[in-house]
Amino acid sequence: MTSLATQIGTLRLKIPSSLLPVSTCRPHPASVPRSRQGAAVVIAKSTNETAAARLQLEQAEYRLLDENWNVQPWTFRAPVPPFVLSRSGLIGREVDDWVAEIAALDAEAAKQNAYVAGSVILADLDAGVEIGRKFQRAGVRILEFNIGTPYGDEASVVTTERSAERVATVVRAMRQGVDRMALWVKLTGQSENVAALAHAAKQAGADAVVMIGRPLGMLPDLETMRPLINTNAAYGGRWALPLSCYWLAKTRKALGPQYPLIGTNGAQDGQDVARMLLAGASAVEMCTAVLAGGFGVIHETITQLERYLDGKKLDATALIGHAADAVQSFAEQPANGSWRHHVPPQTLE
Ligand SMILES: Cc1cc2nc3c(=O)[nH]c(=O)nc-3n(C[C@H](O)[C@H](O)[C@H](O)COP(=O)(O)O)c2cc1C
């Protein structure tokens, strides 16, 4: 029997996947234990100090799309369509109330060798650090600090940090505030060099980086001739997996194999978790797959990953970075004229 356990800094996780709980769409704490169903970590719906961010969840909207951009029903059954456009919000609860809830859930999770992590999305730095301290004082063991939300240009109540200097500043401040918690920093993919942001976060004291945040998109609706869901939107789904793997691999190369990377954006099943591990992730977060595919996705993911590892006769940790370390340069490739099979045949007449 192969082992699914993995290590993020000093924390040992029983399986290499974590997820955002269903409190994302139904901010009810009762849903958190259900969403744990075997996940090593549940990351709680994010919070910050602004009242406007709390209201935003009620204004949120979500659409699943097929490969022809047709809107698909949200059935809570897998498989989930490949494209997702959404506009989300933060937890609609007072910070103190939410922190107390997460602390209680994390204490309960500890009995099952699992974690419920607090999450702060940055708005004002001092206020964000104060919320981090509240999580720490309440006994929560992991803080995910999201400084890479897609919505920074769309909503004034959150920021998207794209410069290494700013990443260093905000992570250093949070690190000083939460000196006893594991600090995971979630980074934007909307940067020309995500690996440089990861390097800055590492130097500033992050225990791990989570990558990559989703890009923004806008899809015109042919019927209404207006933007789908009326606004610009975060654009996610399984299609994004190679982008996440690219930056995981690049970051592993830049920061070295010892520094823990956590994959997010595009993993929808156990095979995708394996793909992100091969790209350099030590753990993988799954959100859309569970929100749109239902809780059964968690158990199915673990079973599928186990099956893959058993087939390869490898432990999960043996996958980490295997493909990343095998990435070759273009110049190293054989000159086998493959292009001839990839142009319309008339081209060659
Ligand atoms: C509806 C929805 C709500 C989300 N809410 C949060 C959030 O509160 N905090 C956060 O850090 N990320 C949030 N995310 C981002 C996810 O954690 C994740 O990084 C992203 O969706 C890409 O991963 P996925 O392909 O597994 O969904 C949300 C994503 C979706 C689709």
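Bear in mind the structure is a predicted one, so any value in this text is a computation, not a measurement.

A few words now on the overall build of the chain. In terms of regular secondary structure, the chain is built from 11 helices and 15 strands. Against the globule reference of 20 Å for 349 residues, the chain gives a C-alpha radius of gyration of 20 Å, in line with a compact fold. Oriented by its inertia axes, the alpha-carbon framework of the chain measures out at about 70 × 50 × 40 Å. Burial status across the chain gives 51% buried among its 349 residues. Long-range pairs, those at least 24 residues apart, make up 71% of the contacts in the chain with a sequence separation of at least 6.

Moving on: the site of the ligand. Close to the ligand lie 22 residues; Ser46, Ser88, Asn146, Cys287 and Thr288 are nearest. Broken down by secondary-structure element, the contributors of at least two residues to the shell around the ligand are strand 15 (283–286) and helix 9 (288–293). Counting residues per element, the shell around the ligand draws most heavily on helix 9, which supplies three residues. The class makeup of the residues in the shell around the ligand is seven nonpolar, 11 polar and four charged.

Turning next to the environment of asparagine 113. Within the secondary structure layout, asparagine 113 lies in the loop between helix 3 (95–110) and strand 8 (115–121). Separated by 101 residues in sequence, asparagine 113 and arginine 12 have C-alpha atoms that sit 9.1 Å apart.

Two strands pair when backbone bridges link them, and strand 7 (residues 83–87) and strand 13 (residues 233–236) are joined in this way by three bridges, in the antiparallel orientation. Opposite leucine 85, over in strand 13, you have tyrosine 235 as the bridge partner. Summarising the sheet, strand 12 (residues 216–217) and strand 13 pair through two bridges and their orientation is antiparallel. Bridging from a neighbouring strand, leucine 216 pairs with alanine 234 of strand 13.

Before going further, it helps to examine the pairing of strand 15. Burial along strand 15 is two-sided: Ala283 and Glu285 and Val284 and Met286, pointing in opposite directions, are all buried. Sheet analysis places strand 3 (residues 17–19) next to strand 15, joined by three bridges and oriented parallel. Within strand 15, the residue paired with leucine 19 across the bridge is methionine 286. Inspection of the sheet shows strand 14 (residues 261–263) paired to strand 15 by two bridges, in the parallel sense. By the bridge assignment for strand 15, glycine 263 is matched with valine 284. Handedness of the β-α-β unit built from strand 14, helix 8 (residues 270–279) and strand 15 comes out right-handed.

Between helix 5 (residues 164–177) and helix 6 (residues 194–203), the shortest axis-to-axis distance is 8 Å and the interhelical angle comes to 25°. As summarised for this structure, helix 5 and helix 6 are arranged roughly parallel, according to the angle between their axes. At the point where helix 5 passes helix 6, the crossing takes the right-handed sense. Where helix 5 approaches helix 6, its residues Ala164, Val167, Ala168 and Val171 are matched on the opposing element by Ala196, Leu197, Ala200, Ala201 and Gln203. When its residues are assigned to classes, the contact of helix 5 with helix 6 shows eight nonpolar, one polar and no charged.

Reading across from one edge, 6-5-7-13-12 is the order of the five strands in this open sheet, with antiparallel pairing throughout. The open sheet terminates on both sides in strands that have one partner only, identified here as strand 6 (71–72) and strand 12.

Moving on, we get to the packing of helix 7 (residues 241–255) against helix 8. At their nearest, the axes of helix 7 and helix 8 sit 8 Å apart, and the two run at 25° to each other. Relative to helix 8, helix 7 is oriented roughly parallel. Contacts between helix 7 and helix 8 involve Leu241, Ser244, Cys245, Leu248 and Ala249 from the former and Asp272, Arg275, Met276 and Ala279 from the latter.

In this model, helix 10 (residues 296–312) (17 residues) spans 25 Å end to end at C-alpha, consistent with the 24 Å of a helix rising 1.5 Å per residue. What helix 10 keeps buried is the set Val297, Ile298, Thr301, Ile302, Leu305 and Leu309. Mapping the buried residues of helix 10 onto a view down its axis gives an arc of 135°, with all of them on the same face. Residues of helix 10 that are exposed and angled more than 90 degrees away from the buried face: His299, Asp310 and Gly311. Packed against the buried residues of helix 10 are strand 3, helix 8, strand 15, helix 9 and helix 11 (316–319).

The next thing to look at is the confidence of the model for the chain. Taken over all residues, the pLDDT of the chain has a mean of 92, while the share at 70 or more is 95%. Considering only residues more than four positions removed or in separate chains, one finds that residues 21–32, a stretch of pLDDT under 50, has 30 contacts.

So, how was this worked out
Residues numbered from 1 in each chain as written. Predicted model: local features only at pLDDT ≥ 70, side-chain atom pairs only at ≥ 80, totals over all residues. Helix = DSSP H or I, 4+ residues; strand = E, 2+ residues; numbered from the N terminus. Rg over C-alpha atoms; globule rule 2.2 N^0.38 Å. Buried ≥ 20, exposed ≤ 12 C-beta atoms within 10 Å, placed from the backbone. Contact = placed C-beta atoms within 7 Å. Near = placed C-beta within 6 Å. Nonpolar A, V, L, I, M, F, W, Y, C, P; charged D, E, K, R; others polar. Pairing = 2+ DSSP bridges. Right-handed = clockwise from strand over helix to strand, strands pointing away. Axes fitted to C-alpha atoms, helices over the stretch in contact; angles between N-to-C directions. Parallel < 35°, antiparallel > 145°, perpendicular 65-115°, else oblique. Left-handed = near helix turned anticlockwise from the far one by under 90°. Expected span 1.5 Å × (residues − 1). Arc of directions from axis to C-beta. pLDDT = per-residue confidence, 0-100.

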